[in-house]
Amino acid sequence: MLQTSQYVLAAGTVFAILALIANLIAVGGYKKNAVAADGHKVADDVSGARAKKEHSAGWYGMAFHIVSLLAITVYLAMRVALTGHGPFANQHEFAVSFSWGILLVFLFFAVRYGLKAVSLVVFPVVIGLLIYAHTQEIAVIPLVPALQNSYLLTLHVGFAVLAYGAACVSFGAAVLWLIQPRIPKEIRPKRDLLDEIGYRAAVVTFPLLTIMILLGALWADTAWGRYWGWDPKETAAFVTWLIYGGYLHARVVGDWRGKRSAWLLILGFAAVLFAYFGNHFFGGLHSYA
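Starting from 1, residues in each chain are numbered consecutively following that chain's sequence as written. Predicted model: local features are reported for residues with pLDDT of at least 70 only, side-chain atom pairs are reported and counted for 80 or more only, and whole-chain, interface and lining totals are derived from all residues. Side-chain measures were taken over the full set of non-hydrogen atoms in the model, leaving aside hydrogen atoms and water.

Some details on the packing of helix α7 (residues 232-252) against helix α8 (residues 259-277)
Here's step 1: α8 packs onto α7 with a crossing angle of 165° between their chain directions and a minimal axis gap of 9 Å. In terms of axis orientation, α7 runs roughly antiparallel to α8. Regarding α7 and α8, the two cross each other, and that crossing is left-handed. Contact residues: Lys-233, Ala-236, Ala-237, Thr-240, Ile-243, Tyr-244 and Tyr-247 in α7; Ser-261, Leu-264, Leu-265, Leu-267, Gly-268, Phe-269, Ala-271, Val-272, Phe-274, Ala-275 and Tyr-276 in α8.
Here's step 2: Taken together, the residues that form the contact of α7 with α8 break down as 14 nonpolar, three polar and one charged. To obtain each axis, a line is fitted to C-alpha atoms, and for helices this fit is confined to the stretch in contact; angles are then taken between N-to-C directions over 0 to 180 degrees. Note on conventions: DSSP H or I runs of at least 4 residues are helices, E runs of at least 2 residues are strands, and numbering of each starts at the N terminus. Every angle not falling under 35 degrees, over 145, or within 65 to 115 is termed oblique; those three ranges are roughly parallel, roughly antiparallel and roughly perpendicular. Two helices that cross are described as forming a left-handed crossing if the nearer one is turned anticlockwise from the farther one by less than a right angle, and a right-handed crossing if clockwise. Contacts are residue-level and defined by heavy atoms, with any inter-residue pair within 4.5 Å sufficient. Residues are grouped as follows: Ala, Val, Leu, Ile, Met, Phe, Trp, Tyr, Cys and Pro are nonpolar; Asp, Glu, Lys and Arg are charged; every other residue, Gly included, is polar.

Some thoughts on the pattern of salt bridges
Here's step 1: A pair is scored as a salt bridge if a Lys or Arg side-chain nitrogen falls within 4 Å of a carboxyl oxygen belonging to Asp or Glu. Taken as a whole and judged by the stated rule, the model has five salt bridges.
Here's step 2: Notably, a salt bridge pairs Arg-251 with Asp-195, separated by 2.6 Å at the nearest N-O pair. In this pair, Arg-251 is assigned in helix α7 and Asp-195 in helix α6 (residues 191-224), connecting sequence segments 56 residues apart. Taken as a pair, Arg-251 and Asp-195 share a single burial class, namely buried. Burial classes follow relative accessibility: with a 1.4 Å probe on protein chains only, a residue under 20% of its type's maximum area counts as buried, one over 50% as exposed, and anything between as partly exposed.

Looking at the environment of Leu-155
Here's step 1: With respect to the helices and strands, the residue Leu-155 is situated in helix α5 (residues 150-179).
Here's step 2: Taking the C-alpha atoms as reference points, Leu-155 and Trp-219, 64 residues apart in sequence, are found 9.9 Å from one another.

As for helix α3 (residues 91-113)
Here's step 1: By this rule the span expected of a helix is its residue count minus one, scaled by 1.5 Å. The terminal C-alpha atoms of α3, which comprises 23 residues, lie 32 Å apart, in line with the 33 Å expected from a rise of 1.5 Å per residue.
Here's step 2: The element α3 is extensively covered by neighbouring structure, given that 18 of its 23 residues are classed as buried.
Here's step 3: Whenever two N or O atoms come within 3.5 Å, that pair is a polar contact, provided that in protein one can donate a hydrogen and the other can accept it, and provided that, for residues adjacent in sequence, both atoms are side-chain atoms. N-cap assignment for α3: the residue whose side-chain oxygen lies 3.2 Å from the backbone N of His-92 is Asn-90.
Here's step 4: A positive phi of about 65° marks Gly-114, the residue just after α3.

What to know about the packing of aromatic side chains
Here's step 1: For this analysis, a ring pair means two rings from Phe, Tyr or Trp (six-membered ring only for Trp) whose centres lie within 6.5 Å, classed as stacked if their planes differ by under 30 degrees, edge-to-face if by over 60, and tilted for the remaining angles. Going through the model one piece at a time under the given rule, you end up with 17 aromatic pairs.
Here's step 2: Both rings, one in Phe-94 and one in Tyr-276, keep their centres 5.3 Å apart while their planes meet at 40°; by these two values the pair is tilted. Of this pair, Phe-94 sits in helix α3 while Tyr-276 is found in helix α8, placing the two residues 182 residues apart along the sequence.
Here's step 3: Accessibility expressed as a relative area gives 1% for Tyr-276, which makes it buried.
Here's step 4: An aromatic cluster is built from Phe-94, Phe-98, Tyr-132, Tyr-164, Tyr-276 and Phe-277, whose rings are joined through pairwise contacts.
Here's step 5: Criterion for a charge above a ring: Arg CZ or Lys NZ at most 6 Å from the ring centre, at most 35 degrees from the ring normal. A cation sits over an aromatic face here: Arg-191 above Trp-177, 3.7 Å from the ring centre.
Here's step 6: The residue whose ring lies beneath Arg-260 is Trp-256, and the NZ or CZ to ring-centre distance is 4.3 Å.

Regarding a nonpolar patch on the surface
Here's step 1: Think of a patch as exposed residues, more than 30% relative accessible area, with no salt bridge, where like charges cluster within 9 Å and nonpolar side chains (Val, Leu, Ile, Met, Phe, Trp, Tyr) cluster within 5 Å. Reported accessibility uses the Shrake-Rupley method at a 1.4 Å probe radius. Residues are deemed covered only where the shown protein chains occlude them. Taken together, the side chains of Val-14, Ile-17, Leu-18, Ile-21 and Ile-25 make up a nonpolar region of the molecular surface, amounting to roughly 370 Å² of accessible area.
Here's step 2: Here Leu-18 shows up in helix α1 (residues 2-28).
Here's step 3: According to the relative accessible area criterion, Leu-18 is partly exposed, its value standing at 31%.

Here we look at α8
Here's step 1: For α8, built from 19 residues, the straight-helix expectation of 27 Å at 1.5 Å per residue is met to within 8% by its first-to-last C-alpha distance of 27 Å.
Here's step 2: Within α8, the full set of buried residues consists of Ser-261, Ala-262, Leu-264, Leu-265, Ile-266, Gly-268, Phe-269, Ala-271, Val-272, Ala-275 and Tyr-276.

Here we look at the environment of Leu-265
Here's step 1: On the secondary structure map, Leu-265 appears in helix α8.
Here's step 2: Of the residues examined, Leu-265 reaches a relative accessible area of 4% and is grouped as buried.
Here's step 3: Distance from Leu-265 to Ala-173, taken between C-alpha atoms, is 8.9 Å for residues 92 residues apart in sequence.
Here's step 4: In this structure Leu-265 touches Ser-170, Ala-174, Gly-198, Ala-202, Tyr-244 and Tyr-247, once residues within four positions along its chain are discounted.

Shown next, in the form of structure tokens:
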């Protein structure tokens, strides 16, 4: 079953790559006004064919996105069946869960806003996490004592992956906002829409981070006998929470928009990545993950 699950995960990775390629074609292949070599507009049927191609590629991008999400969902379910606990015991399991959270949250925003350009930033992150997961230890090993309160820890990690997924969406919108002037005019997304997506994703991120930290504190008390100990991962999570809280405060009270808010969202996602990978460098009580 372990080997079969790896095939399922590989399929999820392949479909994520296909989704990225399809969305790249959908975004880059569309021209509002096709122009001939002599400078005159080509016939409407040619322009219509281009629009049809863009629509078809976008449809495939969404389909591949959903299939990738389903494959990774199946993989995580198989992993739970194999291990008897949630996917949180090591870097491999959490990297897959992280990618799952991104795909799930981004699916909502893709349906809600229909802006495929954001996927060109989001999907490379997903693919990078999945490739990273393939390089990590996949063997089923017994849980360390700190992880044996699986119900509470599953909730803690569940809120974490959803929060991180929303943070990645806000990051994608912020990156596109900053590079928008360099994108060809015919495929350039509107900055107001990118700003809106970044803000809405941050609105999702912050309360999920709050719940994640509270559940983590309860779990820490069960596992280590204290609610908070300024462990490197705990500290990184707290700094991440402050960044997103600061962003929302600046947005609502100071009406921060545009460049400053975009950089804050990028900083927030950088903090998310540090919270995830930082224990490789600083150790601490979370060094098993």
